[in-house]
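Observations on chain architecture
Residue-level listing of the chains:
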Amino acid sequence: MPFFLNPFAFTGLAAIPILIGIYYLRNRFKRRVVSSLMLWDGIIKSNEGGQKKDRLQLPWMFFLELFGLVALAFAATQPFVKTSSSRIPATIVLDDSYSMLATPTGNSNRSGADDQTGVSDLGKSVRDRVIESLMEMSKSNTYEFDLILAGQSPRRLGEKNITDSAALTAALDEWTCEQSSSNLFEALEVVKKIHGPEHRILVCTDQAPADKAIVESDSRLRWISFGKPMDNTAITFASRTQVLSDTGAGEKLLVRIESFSEDPTQPTKRRVNSSIKIIDAENNRTVVESPFQLTADTKKEIILELPESVAKRDLRLEIDADTVTADNQLFLLAKEPIEIDVYLNLDDVFFEKIWKDALQVIPNVKINEASPSVCDIVITDTEFVLQPEQWHIFCPPQKAPVAFAGPYAVSAEHPLVKGLPIRGAIWAADADKREITQSNLAPKPNAPSASPKSLVPDSNPKNKKANGANADSGKSKPSLKGSNLIDPPSDQDAAEPDIPKNESGENNSDTSPDMPSNSRIRSVIRAGQTGLIIDHQLSQLRRRIELNLQPKYSTVSSSQPTWIVLIVNLIEWRKKYAHGPEFVNTWQNTQSARFPLDTETISLTGPDQSTKVIPVINGLAQIEMIQGGLWNAKIESSRSNPEPEKSSKEKNSEMKSDEENKVNSQTNSETEQQRTEWKWSFYPLSARESNLQKAETTTIDNWRELDVNYRSIYQPAAWLLGLLAFGLFITAFVFQHQAK
Amino acid sequence: MSSESATKNLDISATQSSEDGASDWQSKVLRDALLSGFELGNRYQMLPNFDGNRGLNGTMFRQRAGSSLEFLEHRDYQPGDDLRHIDWSVMAKRDQVYVKCFEQESTPVLDLVLDHSQSMNLVDSEKAAGTLKLVAAVTTAARAAHFHVKIWLAGSSLVEHAVAETSGGCHLFQIPNPHPASWPIPDFSGIQNLSDAFQERLPSFRPQGFRILISDLLFDADPMPIIQQFSQQSQSCLIIQVLAEDDITPPSHGSVRIIDSESNETQTVFIDADMRKRYTEAFNRHQSRWIEAASRQGCRFVPIIAENLIQQNHLKELEEMQILVPS
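Residues numbered from 1 in each chain as written. Chains lettered and ligands numbered in written order. Predicted model: local features only at pLDDT ≥ 70, side-chain atom pairs only at ≥ 80, totals over all residues. Heavy atoms only, no water.

1. Digging into the overall build of chain A
Along the backbone of chain A there are 17 helices and 36 strands. Going through the 740 residues of chain A one by one, you find that 47% of them count as buried. In the form shown here, chain A has an accessible surface area of approximately 36800 Å², with 53% of it arising from carbon and sulfur atoms. (Helix = DSSP H or I, 4+ residues; strand = E, 2+ residues; numbered from the N terminus. Buried < 20%, exposed > 50% of the residue type's maximum accessible area, 1.4 Å probe, protein only. Areas by Shrake-Rupley, 256 points an atom, 1.4 Å probe, with all protein chains shown as cover.)

Now the structure itself:
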């Protein structure tokens with residue numbers, strides 16, 4: 001019903017009897033005495049038809065003016081009416097964790113209590129019951145919904161302002177409930193920030209709020225949960241590890257299984273007798289089946305050794321299905337080793353030897369002596385033109401080394417120095433290797449400022465000779481021809497390398513997960529003002545690490561494991577930039593994956609075989625997973641390989657070796673073509689979600705008062721009535737004008 | 001008009017006359033109109049020979065040979081002249097036949113017929129007052145020219161102190177004194193139109209006299225017999241159509257209940273532009289019939305608006321027709 005802000009204006013309706021009176025007086029026959037009716041007789045008879053027509057015009061005028069007056073009077077009362085668009089906006093926050101798929105079975109001994117709470121219908125999951133409730137709510141045509149999925153992070157579901165049941169059903173079909181956790185309160189905070197205080201929020205979950213007082217005090221909130229405590233046995237953790245065995249590379253599985261009872265206070269503990277099956281995912285063949293017995297509310301960790309036949313195959317783990325099926329199985333994929341190709345070419349034989357010794361003991365490192373352009377890491381004592389995603393370890397010859405005994409200024413968060421035992425080590429390097437750019441490499445406030453003690457270099461002419469012999473030795477090495485090798489830079493050149501910029505002329509931003517984003521040249525280890533290890537990020541995924549070390553005069557490579565730790569750090573750091581997903585088996589619903597730099601988009605296929613295209617920016621894609629199972633990413637489109645930045649020297653030398661470049665790039669592209677597709681497993685396991693003891697059916701409804709207030713908000717209709725009155729009066733005026 | 005409706009009109013007239021206030025006020029207005037007409041007529045003198053051409057009856061001399069002994073002139077003999085007026089002595093001397101013309105010694109007479117029907121006293125108009133002013137002015141001007149004036153009331157029998165009988169037809173309006181102040185006030189209560197009144201009793205017109213008919217002529221009858229009766233044996237005749245503005249102008253836009261002032265018959269009609277046009281056409285058509293009939297009978301015709309008569313202090317229309325001249 002409309003209400004009127006100014007009901008006194010109804011007195012304007014008194015104009016209606018006035019109008020009627022005017023029309024009565026106007027239409028009353030005027031009395032006129034004439035000398036004779038003689039002249040009128042013929043006229044009246046011939047005009048009777050027209051007379052009727054004229055009389056019909058008057059009622060039209062009258063009704064137009066009557067309705068105009070009524071509309072004007074009603075407009076003056078300032079009426080407010082409830083319009084059809086006045087639906088109450090509400091955001092539904094849906095628990096997207098897999099506990100929402102918990103389905104009661106007939107074994108529950110709490111069915112009597114369930115009957116009282118109205119949740120006794122078997123075979124319906126909590127999600128089904130929430131959907132039923134929402135569909136019922138949508139029938140009232142009172143609300144317009146926004147849907148937010150509360151998983152590990154909030155996510156919008158469906159379109160905005162859903163009003164009809166069909167759109168709601170379509171949106172809810174995408175509610176899969178396969179997240180390992182639901183951050184309801186983060187989703188609530190997001191909704192509250194987006195919408196005003198009048199916006200209604202409905203939380204649909206399977207548990208009561210952790211703090212009911214907070215929910216009850218918020219008038220915007222309605223909290224409904226349809227959960228109920230149920231027994232559940234779940235896999236809560238699983239991992240797959242490579243182990244070395246007598247027969248070669250083997251694998252072990254660690255599986256944690258937990259059993260949760262519906263009531264932990266029950267005096268009689270339920271016992272679970274089941275088995276875990278390890279199934280080859282490719283042929284669905286059970287590889288291992290291991291029975292286990294578990295008392296309720298306990299957990300058991302099972303370690304299984306995998307036969308070598310399935311050591312590198314994708315596996316599926318299963319236990320017997322129960323109320324929650326999502327936590328009864330998962331995929332564990334074999335982690336493919338990341339191989340790092342290293343090209344090593346140093347004039348210093350000793351230095352090259354310690355490099356080779358270290359690299360050979362690190363798994364999955366391959367020393368490639370033939371083609372440096374296809375290697376991931378190039379170790380030389382000369383400058384080298386890097387391919388995209390290639391690292392250069394530059395080990396310049398130390399002509400007048402000075403032995404530093406510390407203390408060393410170490411960039412502690414740098415991946416190269418993780419666990420590096422450098423204290424007490426003697427590091428020999430040319431003392432004139434000043435910092436490259438003093439502004440970038442300014443010592444940190446807490447860095448040691450004392451000048452390092454410098455040891456007098458070995459002045460033994462024998463050693464010098466040995467050095468010279470080493471330097472001059474004509475050891476057979478693969479010749480470094482072509483443009484990849486250029487003349488050794490002068491000291492100044494080495495100290496001020498060409499800092500490349502991207503195509504737009506701006507400085508390249510760091511895409512390394514371990515590097516501060518604003519750093520492009522960074523001193524990793526310094527002795528006073530002398531940089532011992534200097535990290536230059538040249539461009540996207542190209543890096544030049546300058547290692548100033550004379551190993552003969554140092555203890556870094558002999559007395560302590562410093563050297564091997566440094567090399568392992570280097571290799572592990574480089575592996576993080578390898579193509580493919582960050583984690584092959586993950587429980588988190590988001591992860592990043594690296595692809596070749598020229599990749600524009602990838603095609604992402606989920607467990608339900610649905611495919612969507614995701615953009616790749618700087619070779620990195622952020623992937624969000626909403627379903628547990630196997631995921632697959634395939635390169636969809638690529639740009640042409642960008643030209644590496646070249647210095648003037650590089651350009652000059654490039655002319656000389658076109659042929660070799662062609663061979664290199666061809667080999668490189670062939671390598672890239674080998675891998676365009678990656679897969680990984682997402683298993684949303686969580687003991688918190690598998691534990692249904694806290695599931696509860698409850699409703700906290702703070703909307704009633706709000707609904708009443710909201711429905712009292714009406715739309716003003718005075719303007720509409722005023723417009724109607726204006727139109728009626730204009731029409732009446734036109735009719736009257738035509739009649740005259 | 002039927003006798004029943006006539007009786008009804010009499011009743012209405014009696015009812016109206018019984019309304020003393022209204023009657024007194026109207027009597028005063030009409031009396032003032034008579035006095036005003038008297039004053040106006042004093043400024044005029046009626047020409048004794050305003051007849052002009054007689055029309056279809058043939059050429060008439062402007063001055064007829066009379067029986068007076070006052071010699072006027074000689075003129076050539078014309079066939080039909082009285083042989084007794086031939087001047088035999090002149091014929092003997094000149095051998096030509098001459099007729100002696102003597103100045104006629106005759107008293108001019110004016111018979112004025114006033115339509116006394118109720119339509120001449122139209123409600124909310126100056127028609128009655130204008131008519132009486134005109135009658136007073138004409139009779140005064142005629143008396144100034146030594147006319148012997150008789151006023152006949154056509155269609156009326158209820159003239160107090162003036163009409164001896166009370167039947168229909170035309171009756172002499174008895175004027176005790178030439179001064180209009182002493183005239184009885186005609187109440188225009190006639191129940192017959194001119195046609196019926198002439199049929200019932202024609203006025204005793206004096207031959208070779210001047211005749212003036214004052215009426216609105218708004219009745220449904222053939223004008224020709226009326227004018228023939230009116231102009232028979234007259235020297236000259238004049239028809240003055242006195243109309244109210246309301247007779248010429250139809251009612252304005254809207255629904256109107258029209259009441260006949262004589263029969264009290266009513267008609268309801270919606271007046272619009274088309275209706276007004278039709279009325280004007282009908283009025284002009286009716287007036288044209290009278291003008292044509294008058295012309296055929298050698299009568300002169302002049303329409304006068306009553307409201308103009310009241311407002312103006314001259315009789316311009318009659319001056320232009322050389323009927324009245326300023327004295």
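2. Some thoughts on the overall build of chain B
Secondary structure summary: chain B contains 10 helices and 12 strands in total. The 327 residues of chain B split such that 49% are buried. Carbon together with sulfur atoms contributes 47% to the accessible area of chain B, which is approximately 15900 Å² in total.

3. So, helix 6 (residues 223-231) of chain B
Residues and elements named next belong to chain B. Listed as buried for helix 6 are Pro 223, Met 224, Ile 226, Ile 227, Phe 230 and Ser 231. One side of helix 6 holds all its buried residues, which, seen down the axis, span an arc of 165°. Directly after helix 6, the chain includes Gln 233, whose backbone phi takes a positive value near 60°. (Arc of directions from axis to C-beta.)

4. Details of the interface of chain B and chain A
Listed by partner, the interface residues are 39 residues for chain B and 21 residues for chain A. Both faces considered, chain B and chain A share a buried interface measuring about 2900 Å² in area, 63% of it formed by carbon and sulfur atoms. On the chain B side of the contact with chain A, Ser 255, Ile 259 and Phe 270 of chain B bury the most area, a combined 20% of that side's loss. Scanning the region where chain B abuts chain A turns up 1 salt bridge. With a closest N to O distance of 3.4 Å, Arg 32 of chain A and Asp 246 of chain B form a salt bridge. When the residues that make up the side of chain B that touches chain A are grouped by side-chain class, the tally is 16 nonpolar, 11 polar and 12 charged. (Contact = heavy atoms within 4.5 Å. Buried area = accessible area lost by both parts, 1.4 Å probe. Salt bridge = Lys/Arg side-chain N within 4 Å of Asp/Glu carboxyl O. Nonpolar A, V, L, I, M, F, W, Y, C, P; charged D, E, K, R; others polar.)

5. What about the sheet that holds strand 3 (residues 79-81) of chain A?
Residues and elements named next belong to chain A. Pairing is antiparallel in the open sheet, where 3 strands are placed in the order 1-3-36. One side of each edge strand has no neighbouring strand; the edge strands of this open sheet are strand 1 (3-4) and strand 36 (715-716). Note that strand 1 and strand 3 share 2 bridges and pair antiparallel. Considered in strand 3, the bridge of Phe 4 is made with Pro 79. (Pairing = 2+ DSSP bridges.)

6. Here's the deal with the side chain of Ser 117 of chain B
Residues and elements named next belong to chain B. Its location among the elements puts Ser 117 in the loop between strand 4 (109-115) and helix 4 (127-144). On the basis of relative accessible area, Ser 117 is assigned to the buried category, the value being 1%. Only 3.0 Å separates the side chain of Ser 117 from the side chain of Asp 115, close enough to count as a polar contact. In this structure the side chain of Ser 117 is engaged in a polar contact, spanning 3.1 Å, whose partner is the side chain of Ser 119. Other than its neighbours up to four places away in sequence, Ser 117 contacts Ala 154, Phe 188, Gly 190, Gln 192 and Glu 262. (Polar contact = N/O pair within 3.5 Å; in protein donor to acceptor, adjacent residues only side chain to side chain.)

7. Some thoughts on the packing of aromatic side chains
All names here are of chain A. Going through the model one piece at a time under the given rule, you end up with 18 aromatic pairs over all chains. An angle of 50° between the planes, with centres 6.0 Å apart, marks the rings of Phe 351 and Trp 563 as tilted. On the criterion of sequence distance, the pair formed by Phe 351 in helix 9 (residues 349-361) and Trp 563 in helix 12 (residues 562-575) is long-range, its members being 212 residues apart. Both residues of the pair, Phe 351 and Trp 563, count as buried. Between Trp 355 and Trp 563, the ring centres sit 4.9 Å apart and the planes meet at 80°, which makes this aromatic pair edge-to-face. With Trp 355 in helix 9 and Trp 563 in helix 12, the pair connects residues that are 208 residues apart, well separated along the chain. Of the two residues examined, Trp 355 and Trp 563, each falls in the buried class. The positively charged end of Arg 543 is found above the aromatic ring belonging to Trp 391, 5.2 Å away from the centroid. (Phe/Tyr/Trp six-rings, centres within 6.5 Å; stacked < 30°, edge-to-face > 60°. Lys NZ or Arg CZ within 6 Å of the ring centre and 35° of its normal.)

8. So, the state of the cysteines
All names here are of chain B. Under the definition given, this model contains 1 disulfide over all chains. A disulfide bridge connects Cys 237 with Cys 299, and the sulfur atoms are separated by 2.1 Å. Handedness of the Cys 237-Cys 299 disulfide follows from its S-S torsion of about -90°: it is left-handed. Of this pair, Cys 237 sits in strand 8 (residues 234-243) while Cys 299 sits in the loop between helix 8 (273-296) and strand 11 (300-305); the two residues are 62 residues apart in sequence, bridging distant segments of the chain. (Disulfide = S-S within 2.5 Å.)

9. Some thoughts on the sheet that holds strand 30 (residues 599-605) of chain A
Taken together, 5 strands build an open sheet; the order of strands is 28-34-33-30-31 (chain A) and the sheet is mixed. Because the sheet does not close on itself, it has two edges, and the strands there are strand 28 (585-586) and strand 31 (611-615) of chain A.

10. Digging into helix 8 of chain B
Relative to the 34 Å expected for 24 residues at 1.5 Å per residue, helix 8 of chain B spans 35 Å between its end C-alpha atoms, a close match to the ideal helical length. Every buried residue of helix 8 of chain B is listed here: Met 275, Tyr 279, Ala 282, Phe 283, His 286, Gln 287, Trp 290, Ala 293 and Ala 294 of chain B. (Expected span 1.5 Å × (residues − 1).)

11. Some thoughts on the environment of Lys 316 of chain B
Residue and element names in this part refer to chain B. In this structure, Lys 316 sits in helix 10 (residues 316-320). Lys 316 gets classed as partly exposed once you look at its relative accessible area, which sits at 46%. With 12 residues separating them along the chain, Lys 316 and Ile 304 place their C-alpha atoms 9.9 Å apart.

12. A closer look at the environment of Ala 403 of chain A
Relative to the elements of secondary structure, Ala 403 of chain A occurs in strand 20 (residues 401-404). Separated by 147 residues in sequence, Ala 403 of chain A and Gln 550 of chain A place their C-alpha atoms 8.8 Å apart.

13. Points about a nonpolar patch on the surface
A contiguous nonpolar surface patch, about 410 Å² in accessible area, is contributed by Phe 726, Ile 730, Phe 733 and Val 734 of chain A. Accessibility expressed as a relative area gives 54% for Phe 726 of chain A, which makes it exposed. (Patch = residues over 30% accessible without salt bridge, like charges linked within 9 Å, V, L, I, M, F, W, Y side chains within 5 Å.)

14. Digging into the confidence of the model for chain B
Any segment with low pLDDT has predicted coordinates that should not be analysed in fine detail. Residue and element names in this part refer to chain B. Overall, the predicted model of chain B reaches an average pLDDT of 80, with 82% of residues at or above 70. Within chain B, strand 11 carries the highest mean pLDDT (94), whereas helix 1 (residues 3-18) carries the lowest (39). Here residues 1-19 scores under 50 on pLDDT; set against residues more than four positions off or in separate chains, the count is 18 contacts. Confidence drops under a pLDDT of 50 for residues 159-165, and excluding neighbours within four residues, the segment shows 15 contacts in the predicted structure. What the predictor reports for the complex is a pTM of 0.50 with an ipTM of 0.78. (pLDDT = per-residue confidence, 0-100.)

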